[in-house]
Every structure is written in C-alpha cells, then in structure tokens.
Amino acid sequence: MTIRHYLLPLLLLCLLPPGAGAQTPEDKGLAIATEADRRDSGFGDYTNDIKMILRNRQGQESTREIRSETLEVADDGDKILTIFDEPADVRGTALLSFTHKQGPDDQWLYLPALKRVKRIASDNKSGPFMGSEFAYEDITSREVDKYTYRYLRDERIDGMDMFVLERYPKDEKSGYTRQVIWLDKAHYKERRIDYYDRKDSLLKTLVFTDYHQYGDNFWRAHDMFMENHQTGKSTRLLQKNFRFNVGLTDRDFDKNSLKRAR
Amino acid sequence: MHGRLCIMTCLFVATAARAGEWRGYAAGELLGFLEDPMQPAQHDGYAALAFEPEYFHEWNNRHDLFTFKPYLLADTHDSRRTHVDLRELSWIHAARDWETNVGISKVFWGVTEAAHLVDVINQTDRVVDEDGEDKLGQPMAKLSLIRDWGVLDLFVLPGFRERTFPGRAGRPRFGIPVSDDARYESGARDHHIDFAARWSNSIGAFDIGIAHFTGTSREPRFIALPGAIGGTTVSEITPYYEIINQTSLDLQATSGGWLWKLEAVTRSGQGERFDSMAGGYEYTFVGVNDSAVDVGMITEYLYDSRGDDIDPATVLASRPFALSPFQNDLVLGTRITLNDVASSELLFSVIFDLEGGGQSFNLEASRRLGNAWKLSLEARGLANIPSDDVFASLADDTRLRIELARYF
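Residues numbered from 1 in each chain as written. Chains lettered and ligands numbered in written order. Predicted model: local features only at pLDDT ≥ 70, side-chain atom pairs only at ≥ 80, totals over all residues.

Caption draft 1: Structural view of the overall build of chain B. Within chain B one finds 2 helices and 23 strands. Taken along its principal axes, the extent of the C-alpha atoms in chain B is 80 × 55 × 40 Å. Going through the 408 residues of chain B one by one, you find that 36% of them count as buried. (Helix = DSSP H or I, 4+ residues; strand = E, 2+ residues; numbered from the N terminus. Buried ≥ 20, exposed ≤ 12 C-beta atoms within 10 Å, placed from the backbone.)

Caption draft 2: Molecular detail of the overall build of chain A. Looking only at helices and strands, chain A features 4 helices and 13 strands. The C-alpha radius of gyration computed for chain A amounts to 20 Å, which stays within 12% of the reference 18 Å derived for 262 residues, consistent with globular compactness. Seen through its C-alpha atoms, chain A measures out along the principal axes to roughly 75 × 45 × 35 Å. Counted over contacts in chain A with a minimum sequence separation of 6, partners at least 24 positions apart contribute 41%. (Rg over C-alpha atoms; globule rule 2.2 N^0.38 Å. Contact = placed C-beta atoms within 7 Å.)

Caption draft 3: Looking closely at the sheet that holds strand S11 (residues 221-223) of chain B. Residue and element names in this part refer to chain B. The 3 strands are arranged S8-S14-S11 in an open sheet whose pairing can be described as mixed. Of all the strands in the sheet, just strand S8 (183-184) and S11 have a single pairing partner and so form its edges. As paired elements, S8 and strand S14 (residues 238-241) share 2 bridges and run parallel to each other. The residue bridging tyrosine 184 from the neighbouring strand is tyrosine 241, located in S14. (Pairing = 2+ DSSP bridges.)

Caption draft 4: Representation of the interface of chain A and chain B within the structure. Contacts between the two partners involve 30 residues from chain A and, on the opposite side, 43 residues from chain B. Contributions of two or more residues to the side of chain A that touches chain B are made by strand S1 (45-55), strand S2 (61-71), strand S6 (116-120) and helix H4 (255-260) of chain A. Residues of the side of chain A that touches chain B, tallied by class, amount to 7 nonpolar, 10 polar and 13 charged. (Nonpolar A, V, L, I, M, F, W, Y, C, P; charged D, E, K, R; others polar.)

Caption draft 5: Examining the pairing of strand S12 (residues 218-228) of chain A more closely. Residues and elements named next belong to chain A. In this structure, strand S11 (residues 202-214) lies alongside S12, joined through 10 bridges in antiparallel fashion. Looking at S12, one finds that phenylalanine 208 is bridged to methionine 224. The pairing of S12 with strand S13 (residues 234-244) spans 5 bridges and is classified as antiparallel. Bridge pairing in S13 places glutamate 227 opposite serine 234. Counting the residues in the hairpin turn of S12 and S13 gives 5 residues, including glycine 232, whose phi is positive at 80°.

Caption draft 6: Fine view of the nonpolar core. Residue and element names in this part refer to chain B. Ranked by size, the top nonpolar core spans 22 residues in total, and within it Ala114, Ala115, Val118, Ala196, Ala278 and Leu302 carry the most contacts. Looking at this core, the elements with two or more residues in it are strand S7 (150-158), strand S10 (206-216), strand S17 (271-285) and strand S18 (294-304). What alanine 114 contacts, discounting residues up to four positions off in sequence, is Ala278, Glu300, Leu302, Val331, Ser349 and Ile351. Residues Ala48, Phe165, Ile223 and Ala224 belong to the second largest nonpolar core, which totals 17 residues. (Core = buried A, V, L, I, M, F, W, Y, C linked by C-beta atoms within 7 Å.)

Caption draft 7: Representation of unusual backbone geometry within the structure. Of note, the amide linkage connecting glutamate 86 of chain A to proline 87 of chain A takes the cis form, showing an omega dihedral of 0°. Looking at the secondary structure, you find proline 87 of chain A in the loop between strand S3 (79-86) and strand S4 (94-98). Residue proline 172 of chain B is bonded to the preceding arginine 171 of chain B through a cis peptide linkage, with omega at 0°. Tracing the backbone through its elements, the reader meets proline 172 of chain B in the loop between S7 and S8. Positioned with a positive phi, asparagine 241 of chain A is a non-glycine residue whose angle comes to about 55°. Mapped onto the fold, asparagine 241 of chain A is located in strand S13. Look at asparagine 241 of chain A and you get exposed, because 10 C-beta atoms sit within 10 Å. A positive phi angle, close to 55°, is found at asparagine 384 of chain B, a residue other than glycine.

Caption draft 8: Main features of the environment of asparagine 245 of chain A. Structurally, asparagine 245 of chain A can be placed in the loop between S13 and H4. With sequence-adjacent residues up to four places away left out, asparagine 245 of chain A is seen in contact with Gly44 and Asp45 of chain A.

Caption draft 9: Just the environment of serine 276 of chain B, in detail. Assignment of secondary structure puts serine 276 of chain B in strand S17. A C-alpha to C-alpha distance of 16 Å links serine 276 of chain B and arginine 221 of chain B, two positions 55 residues apart in sequence.

Caption draft 10: Molecular detail of the pairing of strand S1 (residues 21-33) of chain B. All names here are of chain B. Alignment of S1 against strand S2 (residues 45-59), held across 12 bridges, turns out to be antiparallel. Considered in S2, the bridge of alanine 27 is made with alanine 50. Both S1 and strand S23 (residues 399-407) contribute to a ladder of 9 bridges, which runs antiparallel. What sits directly across from alanine 27, in S23, is alanine 405.

Caption draft 11: Broad picture of helix H2 (residues 25-39) of chain A. Residue and element names in this part refer to chain A. In a regular helix each residue adds 1.5 Å, so 15 residues correspond to 21 Å; H2 covers 21 Å between its end C-alpha atoms and thus fits that length. Within H2, the full set of buried residues consists of Gly29, Leu30, Ile32 and Ala33. The arc enclosing the buried residues of H2, seen along the axis, measures out at 160°, which places them on a common side. Looking at the packing, one finds that the buried side of H2 touches strand S7 (147-157), strand S8 (160-169) and strand S9 (176-184). (Expected span 1.5 Å × (residues − 1). Arc of directions from axis to C-beta.)

Caption draft 12: Up close: the environment of alanine 383 of chain B. Residue and element names in this part refer to chain B. In this fold, alanine 383 is placed in strand S22 (residues 373-383). In this structure alanine 383 comes out as exposed when scored by C-beta crowding, with 12 C-beta atoms within 10 Å. Spatially, the C-alpha atom of alanine 383 lies 9.8 Å from that of phenylalanine 352, the residues being 31 residues apart in sequence. Apart from the residues lying within four places of it in its own chain, the contact partners of alanine 383 are Gly358, Gln359 and Phe361.

Printed below as a string of structure tokens:
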C-alpha cells in the first residue's frame, strides 16, 4: 500500500463537517438531511401561491392554481391548508393536512358544493396531485424521519459544490424504491431529485431553480420542474408571493377554517 | 400586555383576503327515459338549464365573510322543477375560539354515501336530483364554540322550508302526485322556530359528531286527505310536517386505505319512536397495477325500524304514513378515480332491498373538458321491483342524464 492510498481518505476526512470523522455513509446521509431540516426550521408560518403547468407528450398544456398556508408545529410535521383556484370546477375546494414526523398524515377535504368536510385516507401518497407529475408524497412527505439515508458522493455542478445522497422511503405505500438528491453545500438547498419507481427504474427528475431568500436563512425555489422520463409528461410548479410570519395559528388550520376557505 | 401585542400583530399582518369576487357555474341538462311513461302527463325526455353564481367578500383579515349565492333552475316540462332559491345569503364572523354564521346558509352533517340520515339542518331540494344531496337555503343563527374538547355548534332555525316535489309532468315521481299545500302539526306552520346542537371532534383516527334536533321534521310523512280518496284509490297525497326530536351520531374511523362509517338516528314525534342507521366501509386500492388509477370498494348497510310497508287502512283513514325507502338494504358500490388531467371519475352502486327483493342502480361519471367545462353523466333505474312495492310506480323510469357545465 503506497502513501497515496492513505492520503486520499485523509484528505476527504478533512473536507467533512467537524464531528463527521468515523461516519458510515448512512450516518453521514442522515446528518446532512438533519442539517438541511435544521436550517429550514423556525420559519413559524408562511403563505404562498402556486401555479402548475401540466404538459403532456404532445405538448398540450393545462394549468392549476392553488394557494397554500403552512404552519410549523413543534416536534411534529407542518399543518398545511391548500385552497384550489384553478381549474374552475374545483374552485373553493380545500385540503387540510396535518403531516406527522412519523406515521400517516391526517387529511380532510372540503367540497364546497356539498359544504361537506370529508376525512380522507392518506394512503394515496403515490397518486398524482391534481393530475400532475407530482405525487402527493413529493409535496407532503418531507420530514427527515420518513426516510433512511445514504451519502453517495460530492459533486461539483455548474460551479456549485453539492452533496449527493440517496434516501429510501420507510412507508411501504410509497411509489418509490429510492430517491437520489443533490443538495448544495452552501445552504443545503435541494437542487435536484431523481425518483426511482418500484421496479427501481428512473421515473422522474425534479429540478429546483430560481431560489429566493426569505429572512436570514429560509430559501424557497420559485421554479420546480418535474419531468417524467417514462411518459414524456412534465409539470412546472411555479411558486410566488411568499409571505413569512403572517401570524397564522392552529385556529387557521381547523375544520371551521377549512369550511370558510374561499 | 403580551395578549394585546398578539392582537395587534394579527390585525396588521393581513393574509391575502379576497374582496368582492364572483364565481359559479351555468349548466345545460338533458334527461332521457328508456321506457314509456306510466303517467299520461309525463314525457320521454326533458331539458333544463341551471345557473348558480356566487358572490363573496372577505374582510377584517379574513375573519369576516359575506356570501350571496342564488340558484335558478328552468325545466322544459315540469313547472314545479322550475324554481329559484336563495342557497346562501350569510355573514360569517370568526374569532379565536368562536364563530357565528347569520343568514341563509347550508350545513352538512354525516359520513355515509348512499343515505344521509343525520343531515337535518337543510331541507332537501328533491326536484334537482333524487340523491338527496341538493339542499334549500335555511335561515339560521349559528354559534360555534371551538375549544380543546371539540366544536359545539348551536343553531336557532327560524323559518321552515317545505321539501320540493316533482309536479304532475315531472319524472320520475310517485304514481300519486304530491300536493303543494302542505299540512303542519304546529299551529305556527312554517314559522315554528327550530333548535339544534352538535358536538364534533377529531380524536386520532376518529371523527365523531353527536347532535340533537328539535323542531319541524325536514322529512314529511304523508296524508291522503278525505277529498283525495275515492273508494280505494287516492288521487293526491299531502306532505305532513310534524314536530320531532331527533338525536344522532355520526362516526368515521380512518386507517390506511379504510374508511369505516356509521350514522345512527333515533327520532320521536312521527307516530312511534323509530331508529335508523347507515353503516359500512370504503376501501381504496391506490394505484392499481402500478397505474395512477384508484379503485374504491363501498359496502353500506341501511336500516330503518319503520319498515317500508304501508297499511292501506292507514292511508284510507287519512292517517299519516311514512315513505321510507331503506328499511333493510345493502349497498355495494365502486368508485374509480383515474387521477388524470381531466379528473375523470366514476361511481357505480347497487342498492339491494333485502326484504322486498328489488334493486336500485346508480351510475355517476364526470370529467373536465379543457379548463372550465365539465361533462357529467348519470344513469339511474330500478330492477325487479315487486308490483306491490311502494316504489313500483318508479319501476319504468330508467333514465340517463347528461349535464354540461361551464364554470367561471
């Protein structure tokens, strides 16, 4: 064994964050995901508007518009109220989600024509969200504890240093065997996710661009482009009008507020 | 001091309130029947136009909401189906742990699919559709207390709305026409003030509601008045609205792909006290064969202790009788959701009368066309109805309804 074989791992160790000395790839993957989550916690609450442009293989487009309100919950997943504006036939429909760090989320759907609040099964996480290329789980299952991790490598893309990790959904109802994630080292922002289906074939790629900074340390991508490699369909999700710390409380996330949503 | 600061913050950080907006839909509908009509005044086909605009205005950081929602329906043949209703004209004010709703509004209670037993606040607008899901606007003053132990809704309901029934030319309808000159038990008639209270809460996997209603029954019994009786035949039946007391429970347990549902009601005031219940489950297979398609299987059992037999002696003596379709019935259904861009979905169900032996078929399907149009298809019919069944006069009303709606 020559000295170079000793040097390379030693050099790599020096590049790792402090305390990452004797980490396995699994430990390191979890540590990076935990750090990314830590950096995005403490936002309190925010609202934003979302527009989705759905495009099929022939290039035909249709649009979805929704408004979203998010409340951070201490020691649990976020509470999210989603109000649908487009297409017009679902206008006024609203979805209340209590996401949880562990176990299934709780979801209630408000149907304005019937004035009915329906508790719905949260089992459909692999299903498409509003006919788009985003599955429910792509949007809601963002808690660290919902996956196990493995650090793969570092990569430099477009002048940015990135961590590349793999994560494996713990929920057997997930539509994926694994996801490969690129996070930039500067702010631990997601830059790209490759989704592998249940047969472990590459299904979709999500690319995050147009990041904006809110407050000191909260970053939101204003453009998320999801491409389905197997069907040729794509969905561009555009986010705008982020407003942080608007003073939302639990009361804005109950069945009464769901029925009042317009 | 801290409390005051919080209030100030809440006042000054307005979330995006939506001021003065219109939305709604206009729809054209065609209704066709496979069989010849049983009544001479009825037709083979009907057309209708519906219009339901909604104006709303939010202010005070979305803590106040005004809604105005009229509804208009015009039918080619049935003059009683042609009607205008004020579905909503209400002001909602939301505070931190309470909420009020004053005006004309609509409230839904319940969990099951085939029957809506506990849903008693609003009157059914029966001429719009036969599924009992269209409701007339109800005048109300409602106070909701929103606390850690759940939500307590208290209702004062001044002003009663009579159920709508098809006219002589309407189809489907009972063989005997329903009079539009209703009778009441109370001398106050439709000015009787009704009250209701409901406690509801979500506890883990359970969503539970317990309610009590005291006032004019939304579901009438019927009377054949002496003037409408000729020998053993009846030319017209009259709705009879009595004062009832009804206590109900609605419960849903949600776990994985399972929804377990129960509605149970006990009611006094219409002859002997009786009980009714609807219960069952819906299980959804998500992403069948690795596609985006969800398939739900629905099973519900419907029970009513009144039974569905009508004693001719009661009718001919001008005593009230009930028309309750579900006394011992089994519902089997499937819900298919394509999860495609057009939001295509289909619900098919069969209700089996376990005592009389007849079946009722229901198919509802819809998909969006473009971004603002929606096409709906509905097929309903009865099969194997015994000739002595209460609903035998509806046996030849197999029908197909097509609706094209433009949303704005």
